[in-house]
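# Structural features, examined
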Number of protein chains: 2
Amino acid sequence: MIAEKMKPYLKNNSAIRMMFEEGKRLAAQYGPENVYDFSLGNPNVPAPAKLKDAIVDILNEVDPVVVHGYMSNAGFPEVRKAIADNLNARYGTAFTENNLIMTVGAGSALNVCLKTLVNPGEEVIVFAPYFLEYGAYVRNYDGVLVEVAPDTETFQLNLADFKEKLSEKTKAVIINNPHNPTGVVYNEETIRALAEILKEKQEAYGHAIYLLSDEPYRELAFDGATVPFVTKYYDNTMVVYSYSKSLSLPGERIGYVVIPDEVEDSADTIAAATIANRISGCVNAPSLIQLAVARCVDAEVDLGYYDRNRRTLYEGLTKLGFTCVKPEGAFYLWLKSPEEDERQFVEKAKKYNILMVPGRSFACPGYVRLAYCVSYEKIVKALPEFAKLAKEYA
Amino acid sequence: MIAEKMKPYLKNNSAIRMMFEEGKRLAAQYGPENVYDFSLGNPNVPAPAKLKDAIVDILNEVDPVVVHGYMSNAGFPEVRKAIADNLNARYGTAFTENNLIMTVGAGSALNVCLKTLVNPGEEVIVFAPYFLEYGAYVRNYDGVLVEVAPDTETFQLNLADFKEKLSEKTKAVIINNPHNPTGVVYNEETIRALAEILKEKQEAYGHAIYLLSDEPYRELAFDGATVPFVTKYYDNTMVVYSYSKSLSLPGERIGYVVIPDEVEDSADTIAAATIANRISGCVNAPSLIQLAVARCVDAEVDLGYYDRNRRTLYEGLTKLGFTCVKPEGAFYLWLKSPEEDERQFVEKAKKYNILMVPGRSFACPGYVRLAYCVSYEKIVKALPEFAKLAKEYA
């Protein structure tokens, strides 16, 4: 007697999540040190010591009724102000606390945006490969997901196909930069070109098209790659952020959405998004961790840690003959399956206790994703196992 | 260009929340000590010292990658087990960790249940007066809210009207015990009678009708009142809980839902609810606070604190001539407005810096709600102001 809409999910549960459960099972069977689990974006870098100190200081200094109590549904004003000030300093923007809503992670922030904007039957465009949960989020509001085909040369935005797919029914477009699962970064030129198309189509169709930029990996960019702040290129942009990756807090569910004053009907949109945050049942982002991240706005990600992993894994796998997209951001490596059906490849890898996610879990068969947010030692120890796997395809 | 469904919310924003904002404004203007804000269920009792110790111990003892990392979408198994064991010890139930899903508070837990169960057009019954957000939660899934009329004699469940309102389209029924906003407690006899009607109607209609029991005030019962554990009386029951009130953690958004094995298709239902928790964007309940509440399952609410407030406010207001429902549970006092339109009464009270919530915010005009989860001193200091207010009606 469960709801009809939930039934397909039961049949087709998240492959990433099932892999996570399988990883735990294998770890129990063979010992965690002998399992090479590249399946989940659960950072292996511990949260910065500064965060722990911040939590303890808050518990010692601030009235617990405030620390653990209700606040405005958008979050503590001083937390939003600290984050707005930090964004302004880094990107030359002019946000105030009124432009930010603290949310239960980026997943919840995206749901807040979609609930605020999408009418049943309206289209939301995503670029394959993409985080498959976007589809569930869009269906939550009876929106229609429209996929742009991948550019399998570069895995950059396929703007030619995007232009085709944009229709009168398009209400929103989701991008993710730096990109999960491919590790690519969209540069300024790409964002400018995307914005031009959006402006043109807004004009042609006579209504707003919203760009939702999902940026939990914002600080994870390598080799000098820079991640453009999208509100500067296109007015109807909402930026979604999470501290899951930058502060290694995925379980804490803490993030925010930025809704600039330049967004159409911004006051109503911000008010509606704040209400959406409340009536979704979240009410507000968790309070203690809100206060803690505000004290860590300038904490830096240990980029060197991920960069060493990135280079080691990319070079190691390339040397073994695998074809990989060279990652510039996030902590994912996107690898072309040596056989057509990547599920077979993923299955073969399990013989060596290697866990990877099949590309079809990102609407892009023929590839696999490796999350290299694991320990360096794990990567070093995994490479000989990958060598055995490569031999099967020699 | 916001979604059509969101537009009514913009016009009709939560009165309780607006009052919260107004309370902050008045406090800034007159000083917080001179504002008598009885509008919001934000407990004034600080979280127990044990909770703070638990958080600090966890930060010192447990690997931060575990503390702040992803876990199963249902929550840490050991946390669910600790809570299940505690429930079993208290209520003679036989839950395992598989019967519990940790959620982002009770609001999120109710949304998880409704998303799991409700098809568009199906009916969900609530008993007036009720927490108006239930309506938003039901509309989130295109369900139809059906209100049972209040029993204005006792404010107990109006089972005669309930029987009338139960229809072939009824998918779920929400009760809240102890009750917000009236402070009444439904006793065993009442729950038995409710269960009998549900069983009869299930049989008559040939499909499951789910009882969702929202119990954030479970531990707040006075004068020896006991709160029945509803799963023992009716199989298709889901119990929704929050630590907001019992541990004074409303801002932390931590709660759970219990889905017993006795629920129809329980394995599928539990799996679907776990997925609903994920795809709502919450993913999982906040991790650190999950671990912390598991160490505080036997922490006791400072009942004496609320009881003194309850008696002082009830006796004080009754002596002034106001008609109140004597509260047996939660931390609310339900008062009959001395004039027909309770909004006028609420307005007059503001002259004395007294903030209360009009009954129509709970679908029950003619009454007001006072949340007495404030300091005792606030109540003592407020009574002379209430006396001035009473004089206006002499």
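Analysis parameters
Residues numbered from 1 in each chain as written. Chains lettered and ligands numbered in written order. Predicted model: local features only at pLDDT ≥ 70, side-chain atom pairs only at ≥ 80, totals over all residues. Heavy atoms only, no water. Helix = DSSP H or I, 4+ residues; strand = E, 2+ residues; numbered from the N terminus. Rg over C-alpha atoms; globule rule 2.2 N^0.38 Å. Buried < 20%, exposed > 50% of the residue type's maximum accessible area, 1.4 Å probe, protein only. Lys, Arg positive; Asp, Glu negative; His and termini not counted. Charge placed at Lys NZ, Arg CZ, Asp CG, Glu CD. 1 Å grid on protein atoms, 1.4 Å probe; cavity = no way out; pocket = protein on both sides within 12 Å on 5 of 7 lines; lining within 4 Å. Points joined across faces, edges and corners; volume = space filled by probe spheres on them. Nonpolar A, V, L, I, M, F, W, Y, C, P; charged D, E, K, R; others polar. Phe/Tyr/Trp six-rings, centres within 6.5 Å; stacked < 30°, edge-to-face > 60°. Lys NZ or Arg CZ within 6 Å of the ring centre and 35° of its normal. Contact = heavy atoms within 4.5 Å. Buried area = accessible area lost by both parts, 1.4 Å probe. Salt bridge = Lys/Arg side-chain N within 4 Å of Asp/Glu carboxyl O. Least-squares fit on C-alpha atoms with pLDDT ≥ 70 in both. Pairing = 2+ DSSP bridges. Axes fitted to C-alpha atoms, helices over the stretch in contact; angles between N-to-C directions. Right-handed = clockwise from strand over helix to strand, strands pointing away. Parallel < 35°, antiparallel > 145°, perpendicular 65-115°, else oblique. Left-handed = near helix turned anticlockwise from the far one by under 90°. Disulfide = S-S within 2.5 Å. Expected span 1.5 Å × (residues − 1). Arc of directions from axis to C-beta. Core = buried A, V, L, I, M, F, W, Y, C linked by side-chain atoms within 4.5 Å. pLDDT = per-residue confidence, 0-100.

## Digging into the overall build of chain A
If you tally the helices and strands in chain A, you get 14 helices and 13 strands. Against the globule reference of 21 Å for 394 residues, chain A gives a C-alpha radius of gyration of 21 Å, in line with a compact fold. By its C-alpha atoms, chain A is 60 × 55 × 55 Å across when sized along the principal axes. Considering chain A as a whole, with its 394 residues, one finds that 64% of them fall into the buried category. Averaging the locations of the 42 positively and 52 negatively charged side chains of chain A gives two centres separated by 6 Å.

## What about empty space enclosed by the protein?
Under the definition given, this model contains eight cavities of 30 Å³ or more. Approximately 220 Å³ is the volume found for the second largest cavity. Lining the second largest cavity are 18 residues, and of these A:N111, A:Y141, A:S280, B:Y141 and B:S280 lie nearest its centre. Secondary structure elements with two or more residues in the lining of the second largest cavity: α6 (105-117) of chain A together with α6 (105-117) and α10 (266-282) of chain B. The class makeup of the residues in the lining of the second largest cavity is eight nonpolar, eight polar and two charged.

## Structural notes on the packing of aromatic side chains
In this description, an aromatic ring pair is defined by two values, namely the gap between the centres and the angle between the planes. Scanning all chains against the criterion turns up 42 aromatic pairs over all chains. Aromatic pair B:Y91 and B:F229: ring centres 4.6 Å apart, planes at 20 degrees, arrangement stacked. Of the two residues, B:Y91 sits in helix α5 (residues 77-91) while B:F229 sits in the loop between β6 (210-214) and β7 (237-242), which places them 138 residues apart along the sequence. As far as burial versus exposure is concerned, B:Y91 and B:F229 are alike and both buried. Site record: aromatic cluster; members linked through ring pairs are A:F38, A:F322, A:F345, A:F386 and A:Y393. The residue whose ring lies beneath A:R308 is A:Y376, and the NZ or CZ to ring-centre distance is 3.6 Å.

## Observations concerning the interface of chain A and chain B
The interface of chain A with chain B comprises 81 residues on the first partner and 81 residues on the second. Contact with chain B buries surface across chain A, with A:M1, A:H68 and A:Y70 losing the most and accounting together for 13% of the total. Inspection of the chain A/chain B interface yields two salt bridges. Where A:R278 meets B:E133, a salt bridge forms, and the shortest distance between an N and an O atom there is 2.9 Å. Top contributing element to the side of chain A that touches chain B by residue count: helix α10 (residues 266-279) of chain A, with eight residues. The class makeup of the residues in the side of chain A that touches chain B is 40 nonpolar, 24 polar and 17 charged.

## Considering the relation of the copies chain A and chain B
Between the two copies, chain A and chain B, the superposition gives an RMSD of 0.0 Å; the rotation angle is 180 degrees and the shift along the axis is 0.0 Å. Given the turn and translation reported, the copies of this chain are related as if by a two-fold rotation axis. Take the interface residues of chain A: 100% of them recur as interface residues in chain B, which is what a same-surface contact looks like.

## Focus: the sheet that holds β6(B)
Two modes of strand pairing occur in sheets, parallel and antiparallel, and in both the strands are linked by backbone hydrogen bonds. All names here are of chain B. Taking strand neighbours across the sheet as the criterion, the seven strands line up as β2-β8-β7-β6-β5-β3-β4 in an open arrangement whose pairing is mixed. Of all strands in the sheet, those bounded by a partner on one side alone are β2 (100-103) and β4 (144-148). Between one strand axis and the next, the sheet turns by 20 degrees as a mean value, whatever way the strands run. Helix-sheet contacts for helix α9 (residues 188-205) involve β3 (123-127), β5 (170-176) and β6, and the interaxial angle to β5 is about 175 degrees.

## Digging into the sheet that holds strand β10 (residues 332-336) of chain A
All names here are of chain A. With antiparallel pairing, four strands are arranged side by side in an open sheet as β9-β10-β13-β12. Unpaired on one side and paired on the other, β9 (323-325) and β12 (357-358) mark the two borders of the sheet. Bridge count between β9 and β10: three bridges; the pairing is antiparallel. Paired with T323 across the strands is K336, a residue of β10.

## Some words on the pairing of β6(B)
All names here are of chain B. Where burial is concerned, most of β6 is hidden: five out of the five residues are buried. Judged by which residues are buried, β6 turns out to be covered on both faces: Y210, L212 and D214 on one side and L211 and S213 on the other are all buried. After leaving β5, the chain enters α9 and then returns to the sheet as β6, a path that is right-handed. Direction of pairing for β6 relative to β7: parallel, over a ladder of four bridges. By the bridge assignment for β7, L211 is matched with T237.

## As for the packing of α6(A) against α10(A)
Think of two packed helices as two axes; the pair is described by the angle between the axes and how far apart they sit. All names here are of chain A. The interhelical angle for the contact between α6 and α10, taken along N-to-C directions, is 120 degrees, at an axis separation of 9 Å. Comparing their axes, α10 and α6 come out oblique. In this structure, the crossing between α6 and α10 has a hand that is right-handed. Each of V112, K115 and T116 in α6 lies in contact with α10, whose residues at this interface are T269, A272, A273, A276, N277 and I279. Its residues assigned to classes, the contact of α6 with α10 shows five nonpolar, three polar and one charged.

## Comments concerning the state of the cysteines
All names here are of chain B. According to the stated counting rule, one finds zero disulfides over all chains in the structure shown. The structure places no disulfide on C324, whose sulfur is separated from the nearest cysteine sulfur, that of C364, by 14 Å. Accessibility expressed as a relative area gives 15% for C324, which makes it buried.

## Some details on α9(B)
All names here are of chain B. Over its 18 residues, α9 extends 26 Å from the first C-alpha to the last, a length consistent with the 26 Å expected when each residue adds 1.5 Å. By the burial criterion, the buried members of α9 are T190, I191, L194, A195, I197, L198, K201 and Q202. The buried side chains of α9 occupy one side of the element, clustering within an arc of 160 degrees when seen end-on. With respect to the buried face of α9, the exposed residues turned more than 90 degrees away are E189, E203 and A204.

## Remarks on the nonpolar core
Soluble globular proteins tend to bury their nonpolar side chains together. Membership of the largest hydrophobic core comes to 69 residues, with the highest contact counts inside it found for A:F162, A:L317, A:L370 and A:F386. When residues in this core are grouped by element, the largest group, six residues, is from helix α14 (residues 376-391) of chain A. Residues within four places of A:F162 in sequence aside, it is in contact with A:I125, A:F127, A:V148, A:V173, A:L194, A:I197 and A:L198. Membership of the second largest hydrophobic core comes to 68 residues, among which are A:F95, A:F229, A:L247 and B:V293.

## Some words on the confidence of the model for chain A
The predicted coordinates of low-pLDDT regions are not to be read in fine detail. Across chain A, the average pLDDT comes to 95, with 99% of residues at or above 70. Scoring of the predicted complex yields 0.96 for pTM and 0.95 for ipTM.

## Description of the pairing of β7(B)
Residue and element names in this part refer to chain B. Burial runs high along β7: six of the six residues are buried. As defined by bridge partners, β7 adjoins strand β8 (residues 255-258) across four bridges and the pair is classed as antiparallel. Its bridge partner lying in β8, V239 is registered against V258.

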